[in-house]
Amino acid sequence: MITVMEQSTTRMLAVRASGKLTDDDYKGVWIPALEMIIREHGKADALLYMDENFEGWELKAMWDDAKFGMAHRKDFRKLAVVGGPDWVRWGVKLGELLMDCEVKLYPPEKLAQALDWISV
């Protein structure tokens, strides 16, 4: 499940991922919110916080994420990824090669630092 965090702003979307992410999470929350920011500001800042209950993605949600990321790879200014298992962090590192923005990884205990960085 994806929930929008209260620290989100009109230019920055911060979300908390818990459990297994679904197609509905992407099509109902993540993608529409980011598209609105991109329309209004040209580029978006995004923070994905994977909490201690994060279990990964359903296959369709992974496809949604990859498709959206490739279509909008030049539409981000900053991306912060907080927490998550090692395999996700390796995937982010590989994906960073395709993105045209700053990407930073943070351990879960550095959530406040990640929010500070993404908000500047």
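Quick note: structure is the one above.
The rules behind these values
- Residues numbered from 1 in each chain as written.
- Predicted model: local features only at pLDDT ≥ 70, side-chain atom pairs only at ≥ 80, totals over all residues.
- Heavy atoms only, no water.
- Helix = DSSP H or I, 4+ residues; strand = E, 2+ residues; numbered from the N terminus.
- Contact = heavy atoms within 4.5 Å.
- Phe/Tyr/Trp six-rings, centres within 6.5 Å; stacked < 30°, edge-to-face > 60°.
- Buried < 20%, exposed > 50% of the residue type's maximum accessible area, 1.4 Å probe, protein only.
- Axes fitted to C-alpha atoms, helices over the stretch in contact; angles between N-to-C directions.
- Parallel < 35°, antiparallel > 145°, perpendicular 65-115°, else oblique.
- Left-handed = near helix turned anticlockwise from the far one by under 90°.
- Nonpolar A, V, L, I, M, F, W, Y, C, P; charged D, E, K, R; others polar.
- Salt bridge = Lys/Arg side-chain N within 4 Å of Asp/Glu carboxyl O.
- Pairing = 2+ DSSP bridges.
- Right-handed = clockwise from strand over helix to strand, strands pointing away.
- Expected span 1.5 Å × (residues − 1).
- Arc of directions from axis to C-beta.

### Quick notes on the environment of Tyr106
Turning to step 1, where the next piece is worked out: Tracing the backbone shows Tyr106 in strand E5 (residues 102-106).
Turning to step 2, where the next piece is worked out: For the pair Tyr106 and Ala80, spaced 26 residues apart in the sequence, the C-alpha separation amounts to 7.4 Å.
Turning to step 3, where the next piece is worked out: Those residues in contact with Tyr106 that lie beyond four places of it in its chain are Ala80, Val81, Val82, Gly83, Arg89, Gln113, Ala114 and Trp117.

### Notes on the packing of aromatic side chains
The description of an aromatic ring pair uses the distance of the two centres, along with the angle that the planes make with each other.
Turning to step 1, where the next piece is worked out: Following the criterion strictly, the structure yields five aromatic pairs and no others.
Turning to step 2, where the next piece is worked out: Ring geometry for Tyr26 versus Trp30: centroids 6.5 Å apart, planes at 70°, classification edge-to-face. Of this pair, Tyr26 and Trp30 both sit in helix H1 (residues 23-41), separated by four residues, roughly a single helical turn. In terms of burial, Tyr26 and Trp30 fall into one category: buried.
Turning to step 3, where the next piece is worked out: With a centroid separation of 6.4 Å and an interplanar angle of 80°, the aromatic rings of Phe68 and Phe76 are classed as edge-to-face. Phe76 matches Phe68 in its accessibility class, with the two residues each being buried.

### Re the packing of H1 against helix H2 (residues 59-71)
Turning to step 1, where the next piece is worked out: Running from N to C, H1 and H2 cross one another at 15°; their axes reach a closest spacing of 9 Å. It follows that H1 is roughly parallel to H2 by the angle criterion. Read as a crossing pair, H1 and H2 show a hand that is right-handed. Note on element contacts: H2 touches H1 through Lys60, Ala61, Asp64, Asp65 and Phe68, opposite Asp23, Tyr26, Lys27, Trp30, Ile31, Leu34, Glu35 and Ile38.
Turning to step 2, where the next piece is worked out: Of the residues belonging to the contact of H1 with H2, the class tally is seven nonpolar, no polar and six charged.

### Topic: the pattern of salt bridges
Turning to step 1, where the next piece is worked out: Counted under the stated rule, the structure contains four salt bridges.
Turning to step 2, where the next piece is worked out: Across the pair Arg11 and Asp45 runs a salt bridge whose closest N-O atoms are separated by 3.8 Å. Of this pair, Arg11 sits in the loop between strand E1 (2-4) and strand E2 (12-21) while Asp45 is found in strand E3 (residues 44-57), placing the two residues 34 residues apart along the sequence.
Turning to step 3, where the next piece is worked out: Residue Arg11 is classed as partly exposed on the basis of its relative accessible area, which comes to 28%.
Turning to step 4, where the next piece is worked out: Notably, a salt bridge pairs Asp51 with Arg16, separated by 3.0 Å at the nearest N-O pair.

### Some remarks on the pairing of E5
Turning to step 1, where the next piece is worked out: When strand E4 (residues 76-83) meets E5, the two strands line up parallel, connected through five bridges. Bridge assignment links Val81 to a residue of E5, and that residue is Leu105.
Turning to step 2, where the next piece is worked out: Assessed by its sense of winding, the connection that carries the chain from E4 through helix H3 (residues 86-96) to E5 is right-handed.

### Let's talk about H2
Turning to step 1, where the next piece is worked out: Helix length check: H2, at 13 residues, gives a terminal C-alpha distance of 18 Å against a target of 18 Å (1.5 Å per residue), a fit within 8%.
Turning to step 2, where the next piece is worked out: Buried within H2 are the following residues: Ala61, Asp64, Phe68 and Gly69. Down the axis of H2, the buried set is contained in an arc of 120°. They therefore lie on one face. Facing away from the buried side of H2 by over 90 degrees, the exposed positions are Leu59, Trp63 and Ala71.
Turning to step 3, where the next piece is worked out: Looking at the buried positions of H2, the neighbouring elements they touch are E2, H1, E3 and E4.

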